[in-house]
Amino acid sequence: MLLIVLAYLGGALTILSPCILPVLPFVFSRADQPFVRSGLPLLAGMAITFAAVATLAAVGGGWVTQANQYGRWLAVALLGIFGLTLLLPSFAERLMRPFVSAGNRLSEFAQADGQRVSASSSFLLGIATGLLWAPCAGPILGLVLTGAALRGASVGTTLLLVAYAAGAATSLAVALLIGGRVFAAMKRSLGAGEWIRRGIGAAMLLGVVAISLGLDTGVLARVSTVATGGIEQKLVDRLSGGTAPAKAVKNEAAAPAQTAAAPDGAAGPAMMRAAAPAEAPLSLPVEGELPSLSGAVQWLNSPPLTAQDLRGKVVLVDFWTYSCINCLRSLPYVKAWAQKYRDQGLVVIGVHAPEFAFERNVDNVKRATHDLGVDYPVAIDNNYAIWRAFGNRYWPAHYFIDANGQIRFHHFGEGDYAHSEQVIQQLLAEAGHANAGAMVSDTVANGVQMAADNADMQSPETYLGYERAENFVDLGGESHDRVHTYAAPDQLALNNWGLAGAWKVGAEQATLSASTGTIVYRFHARDLHLVLGAGKDNKPVRFRVSIDGAAPGNAHGSDVMADGTGTVTEQRLYQLVRQSGDVQDHTFTIEFLDPGVQAYAFTFG
């Protein structure tokens, strides 16, 4: 609701744009007519037309992004066209001529009666005027529409565009009631406004060049995610009390050092919640209704599910993302519950809400769910629509819904699996399935899914992108968004890390630009993981791991050989170290033997 209000206010301010001046004569031409019979239908027609044209732009752009890497270049071309329309009015005129021509023909038809003014003719004139207005406002809204297109078209996007159009129509209605004095005052500002318009166009074209040359470090990707660093989201967070999504919550028994920073530029630590001790019977008050699941951009392992489809079923909704170590460690339990209680009426739904840009790639999610053995329904929540509907802020987060569609319990983070399973059994019993059997909470997991050794874990999750990086150490200082040669110190304090070689550190990841490069980290934990990607060309990247300067031997992780060698083949979390016995401070080093690798975040266990 708040976003709709903001969109409405933004539309109301559209009248301040000189771009609207050509539309005002059409509005003022009916200033002497009855407002309800003439002005109101005209403005309604304008608003509907603009919303329809803008929605088509968002729908088209949303289809474009499904082309993955090709969609990036088409989106860049779209940005370039918007920039040229701002910079070169003659180009905009030629581009929008079909719309203007259609608007003129409709305008002539609507006024053919010459004398009589009716609501229907005014509405038709409003549609015609909207066809003139939409191309005019379109360039100004270019970045907004491109961002909406990259996030995907939806009912929510259409509502926002309708709200924007309604706001603009409201401001024009005020102008209609006041009269031509507003038009005269705005005309005086046309010169300055035109230069501002051209300046915006030039800046957009510079951005297109930067993106095309790879200097953007993922600008489009950050626009397309939930992006609390974006201007719109910052305003929303400020007005709504700062409820930005938080990074994966750790096991409730974790050390304080494991509290992670909020993602996408949001400040502050992730909150941690201790679970209440198990009771029999459990107290499970109603926390709300199961929200709509319609915001998913795609479903895996199932046709789209609705709240109505799930009535009569007990539902577990698991918010996760496939490179999140905390989600991976809770996954064996979620899979076990889905398997054991499926025949008794439990439906598990994994809502995949991405943290990193590569997790928005549906093919990546399909491959991850297959490799992880996830066979229950997965809703791909790339637009964070389901996330927002639940008011969620955490990975992982589990919501337990009864057969009446009511949320009865939730749990954030890892751990407390016995209590969660008790909740499932009690909700099933309430639904008439009392024979739940023994619990599966003693599930044994291997590899990255093994439970963390919290007693000996003193290293926090650490991001390599500058937006959330902490404890970075370099002899020559850090450089953002450009290739820079780094030199890590020989000695590092605990939880400090550094780069060696030519790297480009972006907001979300560090990318190796040279043929070889190194990352070092002084850590204290049983396990060390690193989220890595093979780069834009998807060529495998070889690497060599060492611990305190020697091959890891028996301390190698599941993605590393005993001699320390391994290969980055896809974008995911890699387990590089798994120790046995006493855990001590160690210096971890990974040397990449090929260029292009992208390093995102260290996690520990």
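As the structure is a prediction and not an experimental result, all values here were calculated from the model.

1. Quick look at the pairing of strand 4 (residues 346–352)
Counting buried positions over the seven residues of strand 4 gives seven, a clear majority of the element. Side chains of strand 4 alternate between two faces, with Leu346, Val348, Gly350 and His352 and Val347, Ile349 and Val351 buried alike. Bridge analysis of strand 3 (residues 314–320) against strand 4 gives seven bridges, and the strand direction is parallel. Bridge pairing in strand 4 places valine 315 opposite valine 347. Crossover strand 3 to strand 4 through helix 14 (residues 325–341) is right-handed. Sheet topology note: the strand 4/strand 5 (residues 378–380) ladder contains three bridges and is parallel. Pairing of histidine 352 across the sheet is with isoleucine 380, part of strand 5. Following the backbone out of strand 4, through helix 15 (residues 362–372) and into the adjacent parallel strand 5, one traces a crossover that is right-handed.

2. Overview of unusual backbone geometry
Glycine aside, a negative phi is what most residues show, and trans is what most peptide bonds show. Look at the link from tryptophan 395 to proline 396: it is a cis peptide, with omega at -20°. Tracing the sequence through the fold places proline 396 in the loop between helix 16 (385–390) and strand 6 (397–401). In the Ramachandran plot, asparagine 471 falls in the positive-phi region, its phi being about 65° despite a non-glycine side chain. Along the polypeptide, asparagine 471 turns up in the loop between strand 8 (462–463) and strand 9 (483–486). Phi is positive for aspartate 481, close to 60°, though the residue is something other than glycine. With respect to the helices and strands, the residue aspartate 481 is situated in the loop between strand 8 and strand 9. With a relative accessible area of 28%, aspartate 481 lands in the partly exposed category.

3. Some thoughts on the packing of aromatic side chains
With the rule as written, the count across this model stands at 25 aromatic pairs. Both rings, one in phenylalanine 356 and one in tyrosine 600, keep their centres 5.0 Å apart while their planes meet at 55°; by these two values the pair is tilted. Remark: tyrosine 600 occurs in strand 18 (residues 598–604) and phenylalanine 356 occurs in the loop between strand 4 and helix 15; sequence separation between them is 244 residues. Taking relative accessible area as the criterion, tyrosine 600 reaches 4% and is therefore assigned buried. Ring plane angle 75° and centroid distance 6.1 Å describe the contact between tryptophan 503 and phenylalanine 592, whose orientation is recorded as edge-to-face. Taken together, the residues tryptophan 503 in strand 10 (residues 497–505) and phenylalanine 592 in strand 17 (residues 586–592) connect sequence positions 89 residues apart. Judged by its relative accessible area of 0%, tryptophan 503 is buried. Since its relative accessible area comes to 0%, phenylalanine 592 is described here as buried. In textbook terms, an aromatic cluster arises when at least three aromatic residues are bridged by ring pairs, as seen for Phe319, Tyr384, Trp387, Phe390, Tyr394, Trp395, Tyr399 and Phe412. Cation over ring: arginine 468 sits above tyrosine 463, and NZ or CZ is 4.0 Å from the ring centre.

4. Re the confidence of the model for the protein chain
Mean pLDDT over the protein chain: 75, with 59% of residues reaching 70 or higher. Here residues 61–72 scores under 50 on pLDDT; set against residues more than four positions off or in separate chains, the count is 15 contacts. Note that pLDDT drops below 50 for residues 135–153; the model gives that stretch 52 contacts with residues more than four away or on any other chain.

5. Digging into helix 17 (residues 417–430)
Each full turn of the α-helix corresponds to 3.6 residues, which orients residues three or four apart in the same direction. The terminal C-alpha atoms of helix 17 lie 20 Å apart, and with 14 residues this matches the ideal 20 Å at 1.5 Å per residue to within 8%. Among the 14 residues that make up helix 17, 10 are buried, leaving the element largely enclosed by the rest of the structure. Turning to helix 17, its buried residues are Tyr417, His419, Ser420, Glu421, Val423, Ile424, Gln425, Gln426, Leu427 and Leu428. Against the buried residues of helix 17 lie strand 3, helix 14, strand 4, strand 6 and strand 7 (406–412).

6. Considerations on the pairing of strand 12 (residues 517–523)
Side-chain direction in a regular strand flips from residue to residue, so the side chains alternate between the two faces of the sheet. Counting buried residues along strand 12, six of its seven residues qualify, which places the element largely inside the surrounding structure. Pairing analysis gives four bridges linking strand 10 to strand 12, with the strands arranged antiparallel. Bridging from a neighbouring strand, glycine 498 pairs with valine 520 of strand 12. Relative to strand 17, strand 12 is paired through seven bridges, and the arrangement is antiparallel. Within strand 17, the residue paired with phenylalanine 523 across the bridge is histidine 586.

7. So, the nonpolar core
Counting 67 residues, the largest nonpolar core has Phe319, Trp337, Leu346, Ile349, Phe390 and Tyr399 as its most contacted members. Looking at this core, the element that brings in the most residues is helix 14, giving nine residues. If you look at the next biggest cluster of nonpolar residues, it comprises 36 residues, including Leu530, Val541, Val577 and Val597.

8. Some words on a nonpolar patch on the surface
Taken together, the side chains of Val5, Tyr8 and Leu9 define a hydrophobic patch exposed on the protein surface, amounting to about 240 Å² of accessible area. Relative to the elements of secondary structure, valine 5 occurs in helix 1 (residues 2–12). By relative accessible area, which is 37% here, valine 5 ends up partly exposed.

Analysis parameters
Residues numbered from 1 in each chain as written. Predicted model: local features only at pLDDT ≥ 70, side-chain atom pairs only at ≥ 80, totals over all residues. Heavy atoms only, no water. Buried < 20%, exposed > 50% of the residue type's maximum accessible area, 1.4 Å probe, protein only. Helix = DSSP H or I, 4+ residues; strand = E, 2+ residues; numbered from the N terminus. Pairing = 2+ DSSP bridges. Right-handed = clockwise from strand over helix to strand, strands pointing away. Phe/Tyr/Trp six-rings, centres within 6.5 Å; stacked < 30°, edge-to-face > 60°. Lys NZ or Arg CZ within 6 Å of the ring centre and 35° of its normal. pLDDT = per-residue confidence, 0-100. Contact = heavy atoms within 4.5 Å. Expected span 1.5 Å × (residues − 1). Core = buried A, V, L, I, M, F, W, Y, C linked by side-chain atoms within 4.5 Å. Patch = residues over 30% accessible without salt bridge, like charges linked within 9 Å, V, L, I, M, F, W, Y side chains within 5 Å. Areas by Shrake-Rupley, 256 points an atom, 1.4 Å probe, with all protein chains shown as cover. Salt bridge = Lys/Arg side-chain N within 4 Å of Asp/Glu carboxyl O.

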